[in-house]
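What follows is the residue order along each chain.
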Amino acid sequence: MSEPHGADDSERTVSDRVRKVSVSMPESLITQVRERVGSGSFSRYVTEAVMRQLQMDNLDDLIADYVSRHGPLPQEALDKAEKALCELEAKWAEEGW
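Residues numbered from 1 in each chain as written. Predicted model: local features only at pLDDT ≥ 70, side-chain atom pairs only at ≥ 80, totals over all residues. Heavy atoms only, no water.

### Focus: the overall build of the protein chain
Threshold: A helix here means a DSSP run of H or I that spans at least four residues, while a strand means a run of E at least two residues long, and both kinds are numbered starting from the N terminus. Only protein chains enter the accessibility calculation, which uses a 1.4 Å probe; a residue is then buried when its area is under 20% of its type maximum, exposed when over 50%, and partly exposed in between. A 1.4 Å probe and the Shrake-Rupley method give the accessible areas. Residues count as covered only by the protein chains that appear here.
Helix and strand counts for the protein chain stand at four helices and zero strands. The order of α-helices and β-strands along the protein chain, N terminus first, is α-α-α-α. Looking at the protein chain as a whole, 7% of its 97 residues qualify as buried. Summed over its atoms, the accessible surface of the protein chain is roughly 8,600 Å², and 55% of this surface lies on carbon and sulfur atoms.

### Quick notes on the confidence of the model for the protein chain
In plain terms, the rule: Every residue carries a pLDDT, the predictor's confidence in it, which falls somewhere between 0 and 100. Residues are treated as being in contact if the distance between any of their heavy atoms lies within 4.5 Å.
Mean pLDDT for the protein chain: 87, with 85% of residues reaching 70 or above. Within the model, pLDDT remains below 50 along residues 6-10, and this stretch shows six contacts once partners closer than five positions in the same chain are excluded.

### Section: a negative patch on the surface
Which entries qualify depends on this criterion: In this scheme, patches are assembled from residues that exceed 30% relative accessible area and form no salt bridge. Like charges are connected within 9 Å, while nonpolar side chains (Val, Leu, Ile, Met, Phe, Trp, Tyr) are connected within 5 Å. Any Lys or Arg side-chain nitrogen found within 4 Å of a carboxyl oxygen on Asp or Glu counts as a salt bridge. None of His or the chain ends enter the tally, which takes Lys and Arg as positive and Asp and Glu as negative. A charge is said to be at NZ when it belongs to Lys, at CZ for Arg, at CG for Asp and at CD for Glu.
Among the surface-exposed residues, E76, D79, E82 and E89 lie close enough to one another that they form a single negatively charged patch. Note that E89 resides in helix α4 (residues 75-94). A residue is classified by how much of its surface remains accessible, and E89, at 43% relative accessible area, is partly exposed.

### A word on the layout of surface pockets
The line we're drawing: Cavities and pockets were defined on a 1 Å grid built from protein atoms only: a cavity is a group of points that admits a 1.4 Å probe but offers it no way out, a pocket is an open group of points flanked by protein on both sides within 12 Å along at least five of seven lines, and a lining residue is one with an atom within 4 Å of any such point. Grid points are joined across faces, edges and corners, and a volume is the space filled by probe spheres set on the points. Gly is put with the polar residues, along with every residue not named as nonpolar or charged; the nonpolar set is Ala, Val, Leu, Ile, Met, Phe, Trp, Tyr, Cys and Pro, and the charged set is Asp, Glu, Lys and Arg.
There is about 180 Å³ of room inside the second largest pocket. Taken together, M25, L29, Q32, V33, R36, Y45, V46, A49 and V50 make up the full set of residues lining the second largest pocket. When contributions to the lining of the second largest pocket are tallied by element, the ones reaching two or more residues are α2 (27-37) and α3 (42-70). For the lining of the second largest pocket, the per-class residue count stands at seven nonpolar, one polar and one charged.

### Some thoughts on α3
Filter applied, for reference: Take the residue count of a helix, subtract one, and multiply by 1.5 Å to get its expected span.
Helix length check: α3 (29 residues) gives 42 Å between terminal C-alpha atoms against 42 Å at 1.5 Å per residue, within 8%. By the burial criterion, the buried members of α3 are F42, N58 and D61. Once α3 finishes, G71 follows within two positions and takes phi at roughly 90°, a positive value.

Okay, here's the thing in structure tokens:
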């Protein structure tokens, strides 16, 4: 398990100091991103995707830490969370989200 990161690690804004980096991506992904946002917003789109991934990684770390301290999450709690998520998704769909 990786070390848990502070919340601010994945909540940086695009106003932070930026530095150009080079990444390799499949051509099909590059094309899809450019079609969606244009070439001028490519870096912002990728930055926001990486920020979301870091948030998910941090959640994984948090869950793993909880499980290591307290054991597996009770199935009842998982079922309740799944039900709440389904209800939210249905509500969002009705509202056009």
